[in-house]
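This is what each chain is made of:
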Amino acid sequence: MTPVTTNEAEFDRARAVIPGGVNSPVRAYRSVGGAPRFLTSARGSRVTDVEGREYVDLVASWGPAILGHAHPEVVAAVQDAASRGLSFGASTPAETELAELVVARLGGAIEELRLVSTGTEATMTAIRLARGITGRPLVVKFAGHYHGHSDGLLAEAGSGVATLALPASAGVPAPIAAQTLVLPYNDLGAVRQAFEAHPGEIAAIIAEAAAANMGVVAPDAGYNATLAEIAHEHGALLILDEVLTGFRVGPQGYWGLDQGYAPDLFTFGKVIGGGMPLAALGGRREVMEHLAPVGPVYQAGTLSGNPLSVAAGLATLRLADGAVYDRLYHVSAILQREVSAALAREGVAHRVQVAGNLFSVLFADSPARNYAEVQAQDAKRYAPFFQSMLAQGILLPPSVFEAWFVMAAHDDEAIAQIVDALPAAARAAARI
Ligand code: PLP
């Protein structure tokens, strides 16, 4: 028989042997309070915790689960792969198939793909590649954008770094932090100035294709295209980070929604692995072939292209057809409309910020275009809103600085359950 336990008891137990009781800070409920939910299973649109309580899930493993949890065909593909061996540390035909599929999907924007295990590795490698190609030291990133936890990319980062209100991370030596120029988002003047102030020194601009780790902040129309233009004018590369947006907001990621420009490198993660550890970087052949073993920029990974991860990724991407994207947009549109209506009825100042099918609620009178504006919101309203939803069986991301992740498995019943919970949550947000 399963031992009876509670989320609180599991959290206490975890904190004795795991720092903060979590293996990734975004899972801690620091900004919303209470014990994190310890989950035992997930299926479709729902997750179940150790107390046997079921929740309609809007975290979706922080993005990968676009189809829904434990999609039977994805699980079968992983089981089949597992039955033939967990890891070979050698090449497999399936890795090539996945690379072919991604190259085909991106319609000529990339020619080669290197598989890694995490988004952090993908962006870290993309930066090293850009530096290796240009021979330049500096990297431009934008405040509030999150690109994983490599040393140089933590400055003014979004995601858990924003939730915990950290300006950067301890343990990053000042000379390394100094190689990253952090600029305000959606401010092309600041980008031009940075290139003028550091002639011949900037290797790359790295940008989330649409910012979604400080809540959702879409790029201004033409912003990404102009980033590419400025970078190229100055002999630098544009790294478009699609770890979160890639294959989620559309079959070609966010780039597919606002294309008309050519990033030099794309990074992917989350959906590409269908819930297993897998990420990638891709680009034109002339760029990618600077990587070892062809070129001098070294990168490697014992579990890179792991057969189980590749099987999950292949199955997920194959299943992510037009109907899946239509469903994601449909669910997203309903939830955007309903959360806004519920908050408006209670007189709570808010904006629903949208990029593709990603959205988040900003507690402010006017939209936010950058990190400073996001930080200026009335963030204290989120915790009571979150707790009310949780008590009603809806699991939202435990931070106002995160996107709400819809899944194709959010059926009409799941949507109705979310919508029914919104009025009480809006009242809780209004009361504080
Ligand atoms: N880049 C973006 C845009 C992300 O959202 C994330 C993770 O949330 C990463 C990179 C890092 O990916 P990972 O957590 O797999 O290292």
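1. Notes on the pairing of strand S10 (residues 279–283)
Then step 1. Of all the five residues making up S10, five are buried; the element is thus mostly covered by neighbouring parts of the structure.
Then step 2. Of the two faces of S10, the one holding Ala279, Leu281 and Gly283 and the one holding Ala280 and Gly282 are both buried throughout.
Then step 3. One ladder, built from five bridges, connects strand S4 (residues 112–116) with S10; its direction is antiparallel. For leucine 115, the partnering residue across the bridge sits in S10 and is alanine 280.
Then step 4. Examined bridge by bridge, strand S9 (residues 265–268) and S10 share four bridges and lie antiparallel to one another. Within the sheet, the bridge partner assigned to leucine 265 lies in S10 and is glycine 283.

2. A short note on the sheet that holds strand S3 (residues 54–57)
Strand pairing in a sheet takes place through backbone hydrogen bonds and is either antiparallel or parallel in direction.
Then step 1. With mixed pairing, four strands are arranged side by side in an open sheet as S1-S2-S3-S13. Lying at the two open borders of the sheet, with one neighbouring strand each, are strand S1 (39–43) and strand S13 (394–395).
Then step 2. Note: strand S2 (residues 46–49) against S3, three bridges, orientation antiparallel. Bridge pairing in S3 places threonine 48 opposite glutamate 54.

3. A short note on the nonpolar core
Then step 1. In this structure, Val102, Phe142, Phe268 and Phe385 are the most contacted members of the largest nonpolar core, which totals 119 residues.
Then step 2. Top element by residues in this core is helix H12 (residues 322–345). It accounts for nine residues.
Then step 3. Not counting the four nearest positions on each side in its chain, valine 102 is found in contact with Ile110, Leu113, Phe247, Phe268, Ile272 and Leu317.

4. What to know about the packing of helix H3 (residues 93–105) against helix H11 (residues 307–319)
Then step 1. Between H3 and H11, the shortest axis-to-axis distance is 9 Å and the interhelical angle comes to 35 degrees. Helix-helix and strand crossings are classified by hand; for H3 and H11 the assignment is left-handed. Contact residues: H3 offers Ala94, Glu95, Glu97, Leu98, Leu101, Val102 and Arg105, while H11 offers Val310, Gly313, Leu314, Leu317 and Arg318.
Then step 2. Here the residues of the contact of H3 with H11 sort into seven nonpolar, one polar and four charged.

5. Focus on the environment of alanine 341
Then step 1. Along the polypeptide, alanine 341 turns up in helix H12.
Then step 2. You can call alanine 341 partly exposed: its relative accessible area is 29%.
Then step 3. Placed 327 residues apart in sequence, alanine 341 and alanine 14 show a C-alpha to C-alpha distance of 39 Å.

6. Notes on the site of the ligand
Then step 1. Near the ligand, the surroundings consist of Thr118, Gly119, Thr120, Tyr146, His147, Gly148, Glu208, Asn213, Asp241, Val243, Leu244 and Lys270.
Then step 2. Here a nitrogen atom of the ligand and a side-chain polar atom of aspartate 241 are 2.7 Å apart.
Then step 3. Here an oxygen atom of the ligand and a side-chain polar atom of lysine 270 are 3.0 Å apart.
Then step 4. Alone, the ligand offers 390 Å² of accessible surface; in the complex the protein occludes 82% of this.
Then step 5. Tallied by class, the residues present in the shell around the ligand amount to three nonpolar, six polar and three charged.

7. Section: helix H15 (residues 412–431)
Then step 1. Along its 20 residues, H15 runs 30 Å from first to last C-alpha, staying within 8% of the 28 Å computed at 1.5 Å per residue.
Then step 2. Maximal helix bending in H15 amounts to about 35 degrees, located at leucine 422; proline proline 423 follows within four positions.
Then step 3. Residues Ala414, Ile415, Ile418, Ala421, Leu422, Ala425, Ala426, Ala428 and Ala429 constitute the buried set of H15.
Then step 4. On its buried face, H15 is in contact with S2, S3, H12, helix H14 (382–391) and S13.

8. Remarks on the sheet that holds strand S6 (residues 180–183)
Then step 1. With respect to topology, seven strands assemble into an open sheet ordered S4-S10-S9-S8-S7-S5-S6, the strand pairing being mixed. On the outer flanks of this sheet lie S4 and S6, each paired with one strand and no other. Across the sheet, the axes of successive neighbouring strands diverge by a mean angle of 20 degrees, strand direction being ignored.
Then step 2. Here strand S7 (residues 202–208) runs beside strand S8 (residues 237–242); their pairing, made up of five bridges, is parallel. Residue pairing for S8: alanine 207 is matched across the bridge by leucine 240.

Parameters and conventions
- Residues numbered from 1 in each chain as written.
- Predicted model: local features only at pLDDT ≥ 70, side-chain atom pairs only at ≥ 80, totals over all residues.
- Heavy atoms only, no water.
- Buried < 20%, exposed > 50% of the residue type's maximum accessible area, 1.4 Å probe, protein only.
- Helix = DSSP H or I, 4+ residues; strand = E, 2+ residues; numbered from the N terminus.
- Pairing = 2+ DSSP bridges.
- Core = buried A, V, L, I, M, F, W, Y, C linked by side-chain atoms within 4.5 Å.
- Contact = heavy atoms within 4.5 Å.
- Axes fitted to C-alpha atoms, helices over the stretch in contact; angles between N-to-C directions.
- Left-handed = near helix turned anticlockwise from the far one by under 90°.
- Nonpolar A, V, L, I, M, F, W, Y, C, P; charged D, E, K, R; others polar.
- Near = heavy atom within 4 Å.
- Polar contact = N/O pair within 3.5 Å; in protein donor to acceptor, adjacent residues only side chain to side chain.
- Areas by Shrake-Rupley, 256 points an atom, 1.4 Å probe, with all protein chains shown as cover.
- Expected span 1.5 Å × (residues − 1).
- Bend = angle between axes of the 7 residues up to and from the residue.

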